[in-house]
Protein chains: 4
Amino acid sequence: MAAGAQGWMEELFGDREIADLFTASALFASFARFEQALIKGLAQAKLVEATDAVRLIDQIAAFNPDPAAIADATLRDGVPAPDYLRQLRASVVGPGSELIHHGATSQDLVDTAMIEALGKAGLILSKRLDDLIARLAALAARDGGNRLQAVTRMQEALPFAASDRIAAWQTPLEELRARLTRLKEQTRILQFGGPVGDLRALGDQAALVAETLARDLDLRWPGHSWHAARGPMIAWAGFLSELTGALGKIGQDLGLMALRGEQDIAFSGGGASSAMPHKQNPVAAERLVALARLNATLVSGMHQAQIHEMERSGAAWMLEWATLPQMCEATSAALSTAAGLVGSIDRIGQFTGDQQ
Amino acid sequence: MAAGAQGWMEELFGDREIADLFTASALFASFARFEQALIKGLAQAKLVEATDAVRLIDQIAAFNPDPAAIADATLRDGVPAPDYLRQLRASVVGPGSELIHHGATSQDLVDTAMIEALGKAGLILSKRLDDLIARLAALAARDGGNRLQAVTRMQEALPFAASDRIAAWQTPLEELRARLTRLKEQTRILQFGGPVGDLRALGDQAALVAETLARDLDLRWPGHSWHAARGPMIAWAGFLSELTGALGKIGQDLGLMALRGEQDIAFSGGGASSAMPHKQNPVAAERLVALARLNATLVSGMHQAQIHEMERSGAAWMLEWATLPQMCEATSAALSTAAGLVGSIDRIGQFTGDQQ
Amino acid sequence: MAAGAQGWMEELFGDREIADLFTASALFASFARFEQALIKGLAQAKLVEATDAVRLIDQIAAFNPDPAAIADATLRDGVPAPDYLRQLRASVVGPGSELIHHGATSQDLVDTAMIEALGKAGLILSKRLDDLIARLAALAARDGGNRLQAVTRMQEALPFAASDRIAAWQTPLEELRARLTRLKEQTRILQFGGPVGDLRALGDQAALVAETLARDLDLRWPGHSWHAARGPMIAWAGFLSELTGALGKIGQDLGLMALRGEQDIAFSGGGASSAMPHKQNPVAAERLVALARLNATLVSGMHQAQIHEMERSGAAWMLEWATLPQMCEATSAALSTAAGLVGSIDRIGQFTGDQQ
Amino acid sequence: MAAGAQGWMEELFGDREIADLFTASALFASFARFEQALIKGLAQAKLVEATDAVRLIDQIAAFNPDPAAIADATLRDGVPAPDYLRQLRASVVGPGSELIHHGATSQDLVDTAMIEALGKAGLILSKRLDDLIARLAALAARDGGNRLQAVTRMQEALPFAASDRIAAWQTPLEELRARLTRLKEQTRILQFGGPVGDLRALGDQAALVAETLARDLDLRWPGHSWHAARGPMIAWAGFLSELTGALGKIGQDLGLMALRGEQDIAFSGGGASSAMPHKQNPVAAERLVALARLNATLVSGMHQAQIHEMERSGAAWMLEWATLPQMCEATSAALSTAAGLVGSIDRIGQFTGDQQ
């Protein structure tokens, strides 16, 4: 159906587990959760009868959207929500059904779905980062006392311990791990503003509906909509690119150590060459650098996408969609690449017989 | 199998026709053409017997690579060619079979495949650009004499003719159309250098093999390999982003004209809003801006990817793969979006009764 | 002497107050503070006699570096510190003078100077941000009850209050203001690692020297050097570009409101046209957009600059120097531009007679 | 007066000779040439008397603008031309003086000045590129037959001749040298369109005035204005970043060769370390990488700046001014850095006694 891929070697830049969070079906599942939670909120505010709410929620749960029709409509509408809602409204009946999506707008659905996907991505990244940090700790424990030639500005500087270089890899990752927890919490926020962001249609009940809705989705209601203020998305983009930057630096180092040879490092595995069987290319190290530079490129697009026109810019919003999911994938791919790479190190530096 | 997509609304950024040029099967088909042409070149140089060459070419034609195995190996090797060749070698028998890939390297296959895909993309873009230019000409013919308010620096300036604004859209596209023809010709070049770019394994026969190989693939042999000199790829990236820039400018204008309203433009179609049925969002116009800013972002990655280390950098090369195919898709998507958008214009400016 | 400017209309992108923080003389003053504080640290660790320390500190205070010689040497050394130190050493005499710069390296001086400059820039930005926030509050107080047409996706949506749009400008700025305080605190850290980052030359006294040094400079010692881990610089770059993004969004809105005309906004001031005296161009609004897009471009360079090679990369480090100071200037310029622009608004929206 | 610099180590990123082309006084000199040539064009079209034209041209030649007043006004007007013209008009008297700037607009002056500056920058770059190419040829002649270890994907591949690696540096530069000649010719075009780009004020005389004006400035009149079609600027930006990319690749290689040591390269010179006197840092090589990555960052801003709104976007235009001059400086700086670096190579590879 769709396209938009990076093409023929996309396994190098993508990550299946993250990609699953950004499929059309994941999006529609998020939409359904939102519309169900909104009905609960409207019921809380006595705008929908409690018994009607139960029935409507069941109907939403049973609804199966037609993804091909939505994909087509997305090209016309610039967002999948209108056609999703058209289909949903056609499949929901009975009292209260006219209040489906009441007070909300497309952006409420899509931004909240993005927030949910980012939250889930954060869980995956956390786990992978924990694993990588553990591997680096094990490496430092095993080889930290080995002697290594420090290199500054592309020149041998002074000898130091392998643990010194490894610590320069560990410290930023540990800081980023702690930041990820805060970032997930800080960006666990509902988008809810209605057509022009002011929740006017809900009148005095707006905050009650919003808070109920947020609670049901395990999000926070920040007290206002943020349709054209993209701070949470920028925070994620910055974090992702900083993390791939830290991993790219490890990759750069390991590639250079592979070039310097046995005195610096011994790997098992490594990539085959089609023409030179003697080579063991430090492919994973190169991949870390490529992914870091990819995210360092894409982060610029996210910053450009801050400039919404008025209450909502389709242009700025689409630029986010084209950019942020691939940044998530690149980051997750980089984490698993780095774990594999660190795991493939047989020895770093030279054993000196000293105790560390 | 793979990931690397832009996720849930990828139909907004991608293009099926272009995506088909960058699938794994398109890549392997290109590899097969290269290896067949190389056998012809080796035969021309009397390194393979003519009758063996015919048989080997048939065997290559009959070879069916296992894409899942290659995808797995790509993660290890950083490039699909080694495992493709391992499989190919296992399926080709008889005298001369040891000369499969003789003198070549992975990069020769992959870069040549990229050149072939770009050439085909160029054909698609040419056709779409022709169509768009024709639609703009028809628009100018129909509405060019209408009166329009020129706007400079976000302020009404002076009245002028609709044809004046349309001309500012047409001229860059016409120049880019002419450039596309030159670009296709200029970048129709074979990559062929062998492991370290010097074709040493072919000795005195190198030029003969290279020229035969190039001719068979309908490419030119530039007289040397260009493994670490990415001019042709940069030329494509620059062209693509300049073209989406020109289209994005049209989108920006049409979005602003839609905002200014009936005095400037009347559309049919336009996107639905989930909450405001009275709106006709200029979605295609916004999409053009988003695609322009996406390519303007990605072009930076392509320029970063110029900095190869020594004779071949996996890191720089992967960054190209992550970037250039999506730039092609974005460009093609922008062209068809623009054609649809221009086609949906019912009237531009105000009819004055004057002859233009 | 030097160049590196943005050229002929640099007043549009720069800021004198910030530029003064990044002059060569500001840099050398920071170097001098560092070397004095280091002597205090060495004295604390009994590596320098207390009386010698007093004399050395006085000599450093009296030292006048030759900036032209340092500028020349910077081209050779890639960093101003070595020649600064050569000159300093030549001008300092007496016992302990051989311990000038003991345990430190060029990067300790330069990174600490950058941290100091960023801290001072933060003070300027805080003040300007406070001023802008106050102006927006005054605007909301005066005109917030006026009626305004909300615009989504370049189409009139529904009417709302002027305060709704103004709130969408205020909220991100208030969040960024709070973040700036945290950022200044979080990045108030000493760089100190010596040649290869391990402070080996100071042995057991390293932490004592580092802590004394940090305290004297009113910085924190994070417990380790961070030569190749650029988190603090990335945090600044991200903040700066997020802030100009928030301001650029205001500029974009005000430019569009100027285009829509009297129903949306009335300004006093505005730019002259060389050819159309009737125009009042919303120049400050455009400038905000330009500065936002400039920083959104440059932030990518900062992310690319994360990838240090081994213990220190001159290439990555120089890329930071070429990028971060101009981001600071652009941000400060944007803040004062925004303050002027908001101050020039005579009326926003339409007075309705309603109380807000 | 102004700011906008890259700050304290700007000598690393700037180039005095190029910077001189982008000073305010260079800009005003270009404005004066334009206004003089315009008077000639108007005289040719009989709109100004020939004798008046001579006098007016003399008066323009004698005019001394007040740069501080123009700098101030630029902040208000967003462009220096209106205040320059206000001053000029105040200083020019007599018949025809009311026709100063007749038919033209600010953008005609500024874009033409940019074109002139780029043309002059092109001359400087040509000369430096010629010099660098000559140095590389001399290096190849002296050391080309030496043996060198080819390196692919950060692993030793096969031995080859030093001339092979040098050729990979030479070929792109030679192609870029030829392209620079074409680029200078292709972009030697007048900007002339008047307030809204249609030269309406000049009626039937527009082409005659434009052609006379162009000829007098040694430019071509492309037959139309190009206020919002930035092709020529994009062409320059792409060229500059491609050139620094080619130089950055040389820098990357020489840095890696310096890391690999004596087997690959011997330099004289090299940067001092403040803490490790034994080191000879390959500073110029690092600088080439930094400048390449700076331009690869900035080129994105130029592509973003393609998206003008309607007939003229101050926002997009300012983004160009903030970006393109520093790209020129970075490129020129990179060329002279590369020349110095190549000149400092004492030996590349290992002498084998073979004749090449």
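Fair warning: this is a prediction, and the values are worked out from it, not measured in the lab.

1. What to know about the overall build of chain A
Move 1: In terms of regular secondary structure, chain A is built from eleven helices and four strands.
Move 2: The dimensions of chain A, computed from C-alpha atoms along their principal axes, are 80 × 40 × 35 Å.
Move 3: Relative to its 356 residues, chain A shows a buried fraction of 64%.
Move 4: Expressed as a percentage of contacts within chain A between residues at least 6 apart in sequence, the contacts between residues at least 24 apart total 78%.

2. Observations regarding the interface of chain B and chain A
Move 1: Listed by partner, the interface residues are 66 residues for chain B and 65 residues for chain A.
Move 2: For the side of chain B that touches chain A, the element with the most residues is helix α10 (residues 283–304) of chain B, which contributes twelve residues.
Move 3: A class-by-class count of the residues in the side of chain B that touches chain A yields 34 nonpolar, 22 polar and ten charged.

3. A short note on the interface of chain B and chain C
Move 1: With 17 residues of chain B at the interface, the matching set in chain C holds 17 residues.
Move 2: Those elements that provide at least two residues to the side of chain B that touches chain C are β2 (155–161), α9 (231–260) and α10 of chain B.

4. Let's talk about the relation of the copies chain B and chain A
Move 1: Once chain B has been moved 0.0 Å along the axis and rotated by 180°, it coincides with chain A to within an RMSD of 0.0 Å. This pairing of chains is accounted for by a two-fold axis.
Move 2: When the interface residues of chain B are mapped onto chain A, 98% of them are again interface residues, pointing to one common binding face.

5. Brief notes about helix α4 (residues 67–77) of chain D
Move 1: Within the sequence span of α4 of chain D, burial applies to I70, A73, T74 and D77 of chain D. Along the long axis of α4 of chain D, the arc covered by the buried residues comes to 115°, so they all point the same way.
Move 2: At its buried positions, α4 of chain D is contacted by α10 (283–304) of chain C together with α5 (81–91) of chain D.
Move 3: Downstream of α4 of chain D by a residue or two, G78 of chain D has a phi angle that is positive, lying close to 75°.

6. Some words on the environment of T323 of chain C
All names here are of chain C.
Move 1: Within the element layout of this structure, T323 appears in helix α11 (residues 314–343).
Move 2: Taking the C-alpha atoms as reference points, T323 and A237, 86 residues apart in sequence, are found 8.9 Å from one another.
Move 3: Beyond its immediate stretch of four places on either side in the chain, T323 contacts L298, G301 and M302.

7. Quick notes on unusual backbone geometry
Move 1: At M310 of chain A, a residue that is not glycine, the phi angle is positive and equals roughly 50°.
Move 2: By the element assignment, M310 of chain A lies in the loop between α10 (283–304) and α11 (314–343).
Move 3: Look at K46 of chain C: it is not a glycine, yet its phi comes out positive at around 65°.
Move 4: The topology assignment puts K46 of chain C in the loop between α2 (24–44) and α3 (50–62).
Move 5: A residue is classified by how many C-beta atoms lie within 10 Å of it, and K46 of chain C, with 10 of them, is exposed.

8. Focus: the pairing of strand β1 (residues 147–152) of chain A
Residue and element names in this part refer to chain A.
Move 1: Summarising the sheet, β1 and strand β2 (residues 155–161) pair through five bridges and their orientation is antiparallel. In the strand pairing of β2, T152 is matched with Q155.
Move 2: In this antiparallel pair of consecutive strands, β1 and β2, the connection spans two residues, and R153 shows a positive phi of 50°.

9. Examining the packing of helix α4 (residues 67–77) of chain A against helix α5 (residues 81–91) of chain A
Residues and elements named next belong to chain A.
Move 1: Where α4 contacts α5, the two axes come as close as 7 Å, and the packing angle between them is 135°. Viewed along their axes, α4 and α5 adopt a mutual orientation that is oblique. From α4, A69, I70, A73 and D77 reach across to α5, where they touch P82, D83 and Y84.
Move 2: The residue inventory of the contact of α4 with α5, partitioned by class, reads five nonpolar, no polar and two charged.

10. A word on the confidence of the model for chain A
Move 1: On average, chain A scores 95 in pLDDT, and the residues at 70 or more come to 97%.
Move 2: Taken over the whole predicted complex, pTM reads 0.97, whereas the ipTM for its chain interfaces reads 0.96.

11. Focus on the packing of α10 of chain A against α11 of chain A
Residue and element names in this part refer to chain A.
Move 1: Running from N to C, α10 and α11 cross one another at 160°; their axes reach a closest spacing of 9 Å. Here α10 is positioned roughly antiparallel relative to α11, judged by the angle of their axes. Relative to α11, α10 is oriented so that their crossing is left-handed.
Move 2: Considered class by class, the residues forming the contact of α10 with α11 number 15 nonpolar, eight polar and two charged.

12. Some thoughts on the environment of A161 of chain C
Move 1: Relative to the assigned elements, A161 of chain C resides in strand β2 (residues 155–161).
Move 2: Considering only alpha carbons, one finds A161 of chain C and R147 of chain C, 14 residues apart in sequence, at a separation of 4.8 Å.

13. Structural notes on the environment of R179 of chain A
Move 1: Relative to the elements of secondary structure, R179 of chain A occurs in helix α7 (residues 162–186).
Move 2: Spatially, the C-alpha atoms of R179 of chain A and F239 of chain A are 8.4 Å apart, while their sequence positions differ by 60 residues.

What counts, and where the lines are drawn
- Residues numbered from 1 in each chain as written.
- Chains lettered and ligands numbered in written order.
- Predicted model: local features only at pLDDT ≥ 70, side-chain atom pairs only at ≥ 80, totals over all residues.
- Helix = DSSP H or I, 4+ residues; strand = E, 2+ residues; numbered from the N terminus.
- Buried ≥ 20, exposed ≤ 12 C-beta atoms within 10 Å, placed from the backbone.
- Contact = placed C-beta atoms within 7 Å.
- Nonpolar A, V, L, I, M, F, W, Y, C, P; charged D, E, K, R; others polar.
- Least-squares fit on C-alpha atoms with pLDDT ≥ 70 in both.
- Arc of directions from axis to C-beta.
- Pairing = 2+ DSSP bridges.
- Axes fitted to C-alpha atoms, helices over the stretch in contact; angles between N-to-C directions.
- Parallel < 35°, antiparallel > 145°, perpendicular 65-115°, else oblique.
- pLDDT = per-residue confidence, 0-100.
- Left-handed = near helix turned anticlockwise from the far one by under 90°.

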